[in-house]
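Examining the three-dimensional arrangement
So you can see what is in the structure, the chains are spelled out below.
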Amino acid sequence: MARKISAVLTFEVFPEKEGKRLDVFLSEAYPEFSRSFIKKLIKEGFALVDGNTSKPSYRLKAGQKVTLFVPEPEEIKVEPEPLPLEVLYEDGDVAVILKRCGIVVHPSPGYTSGTLVNALLYHFKDLSSVGGVQRPGIVHRLDKDTTGLMVIAKNDKAHRILADQFAKRKTEKLYKALVVGLVREDHKIIESPIARHPVDRKRFTVSEQGRESKTEFWVLKRFEKLNLSLLKVKIYTGRTHQIRVHLSSLGHPIVGDTAYGFKRTSVPKEVLEALGECNMLLAYKIGFFHPSTEEWMSFEIEDPSPFKEVMEIIKKIG
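So, here is what we can say about the structure in this document. (Residues numbered from 1 in each chain as written. Predicted model: local features only at pLDDT ≥ 70, side-chain atom pairs only at ≥ 80, totals over all residues. Heavy atoms only, no water.)

1. Observations regarding helix α2 (residues 35–43)
Looking only at α2, the buried set comprises F37, I38, L41 and I42. With its buried residues spanning 145° around the axis, α2 presents them on a single face. Turned more than 90 degrees away from the buried face of α2, the exposed residues are S36 and K43. The inward-facing, buried residues of α2 abut α1 (22–29), β2 (47–49) and β4 (65–71). (Buried < 20%, exposed > 50% of the residue type's maximum accessible area, 1.4 Å probe, protein only. Helix = DSSP H or I, 4+ residues; strand = E, 2+ residues; numbered from the N terminus. Arc of directions from axis to C-beta. Contact = heavy atoms within 4.5 Å.)

Written out as structure tokens, the structure is:
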């Protein structure tokens, strides 16, 4: 390992992960790296199983310890790419776009192309530079497996004003979430602090030592036959994985979100087939004050795929 190491992460193989390939296990445990990049790291000796090097195809056993040495990131050159981009609104200051599930927002090791930023650089002549060369125009983000609306800044002034609105909670962000279990309360506010997980550094958890976090939800519908609930969710703080952590902490993980407690056996196979690798979390509405006109702007979308198809299946069955 000639490269400098930025972090050392240790993962335990729980019984439900037994039999997983090493590269698959690590790509799920550390989704910031693509599976191809994980394979490369394993072959170069950056991953150990019980202290020993192994092959990407090695099948893990319950109780084993997997250690990943995260190398310092190499400089990434971000190029424009003619990728599809769904633009709902655009002017000289901002653009509102729909990010699809499976799309990484900005480049990182293992995701040097095919990201939202690559598409933005191709489709827009001007983007803000406040976020650096790897995050032009990016004011806020959505997880890879989440679909939803994002506002993009097209110049530095707009970026700073929008970022200030997000920081001061002047924006509106509404989500829909399909969760496991019949949520008892019709309405609830969760204010549990969130901190990085003490063992799995790519996950977060409720902790008294964490940062202030506030999530509010309303039950839209309960599907008693399937033991599922559809929620409308509003967030007041923008902590990483906030909705996923808060709902999971109540015992209601989001359908598809295996990182925070979802079990694939908890829903019918038809749901899994329609969902693919996505989570049933949708950022369906966003509102903000325009950085130049100060006019309140609000955008809302109908359920896109695969959220729409999954809900059709749920309603038909339940």
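2. Description of the packing of α1 against α2
At a minimum axis separation of 9 Å, α1 and α2 run at an interaxial angle of 120°. As the angle between them shows, α1 and α2 are arranged oblique. Classified by chirality, the crossing of α2 by α1 is right-handed. Along the contact surface, α1 presents L22, D23, V24, L26 and S27, while α2 presents R35, I38, K39 and I42. Among the residues forming the contact of α1 with α2, the class breakdown is five nonpolar, one polar and three charged. (Axes fitted to C-alpha atoms, helices over the stretch in contact; angles between N-to-C directions. Parallel < 35°, antiparallel > 145°, perpendicular 65-115°, else oblique. Left-handed = near helix turned anticlockwise from the far one by under 90°. Nonpolar A, V, L, I, M, F, W, Y, C, P; charged D, E, K, R; others polar.)

3. Remarks on the environment of H246
Looking at the secondary structure, you find H246 in helix α5 (residues 242–249). Sequence separation between H246 and E216 is 30 residues; the distance between their C-alpha atoms is 9.8 Å. Beyond its immediate sequence surroundings of up to four residues, H246 is in contact with I190, S192, I194, V206, S213, K214 and T215.

4. Concerning the sheet that holds strand β1 (residues 5–12)
Here we have four strands laid out as an open sheet, ordered β1-β4-β2-β3, and antiparallel in their pairing. Each edge of the open sheet carries a strand with a single partner, namely β1 and β3 (52–53). Note: β2 against β3, two bridges, orientation antiparallel. Note on β3: the bridge partner recorded for V49 is N52. (Pairing = 2+ DSSP bridges.)

5. A few points about the state of the cysteines
Here the structure, examined in full by the defined rule, presents one disulfide. The disulfide partner of C101 is C278, and the S-S distance across this bridge is 2.0 Å. One quick way to see it: the torsion about the S-S bond of C101 and C278 is about -105°, and its sign makes the bridge left-handed. On the criterion of sequence distance, the pair formed by C101 in the loop between β6 (94–99) and α3 (116–123) and C278 in the loop between α6 (269–275) and β14 (281–289) is long-range, its members being 177 residues apart. Take C101: its relative accessible area is 17%, and that puts it in the buried class. A relative accessible area of 9% means that C278 is categorised as buried. (Disulfide = S-S within 2.5 Å.)

6. Observations concerning the environment of F262
The residue F262 is located in the loop between α5 and α6 in this model. Overall, F262 belongs to the buried group, its relative accessible area being 4%. Expressed as a C-alpha distance, the spacing of F262 and I301, which sit 39 residues apart in the sequence, is 26 Å. Contact partners of F262, with chain neighbours within four places excluded, come to V180, P253, I254, V255, G256, D257, V267 and L272.

7. So, the nonpolar core
Buried together is how nonpolar side chains tend to be arranged in soluble globular proteins. One finds L178, L228, L247, V255 and M280 to be the most contacted residues of the largest nonpolar core, which totals 67 residues. With sequence-adjacent residues up to four places away left out, M280 is seen in contact with K176, A177, L178, I254, V255, L275, F307, V310 and M311. If you look at the next biggest cluster of nonpolar residues, it comprises 22 residues, including L22, F33, F37 and V66. (Core = buried A, V, L, I, M, F, W, Y, C linked by side-chain atoms within 4.5 Å.)

8. Comments concerning helix α4 (residues 156–167)
Under the 1.5 Å per step criterion, the end-to-end length of α4 is 16 Å for twelve residues, consistent within 8% with the ideal 16 Å. The elements touched by buried residues of α4 are β6, β7 (147–153), β8 (172–180) and β14. Regarding α4, its N-cap is N155, as a side-chain oxygen of that residue lies 3.3 Å from the backbone nitrogen of K157 further along. Positive phi shows up at R169, right after α4, with a value of about 60°. (Expected span 1.5 Å × (residues − 1). Polar contact = N/O pair within 3.5 Å; in protein donor to acceptor, adjacent residues only side chain to side chain.)

9. With respect to unusual backbone geometry
The peptide bond linking S305 to P306 adopts the cis configuration, its omega dihedral lying at -5°. Checked against the element boundaries, P306 lands in the loop between β15 (296–300) and α7 (307–317). One non-glycine residue, D50, lies in positive phi territory at about 50°. Here D50 shows up in the loop between β2 and β3. You can call D50 partly exposed: its relative accessible area is 43%.

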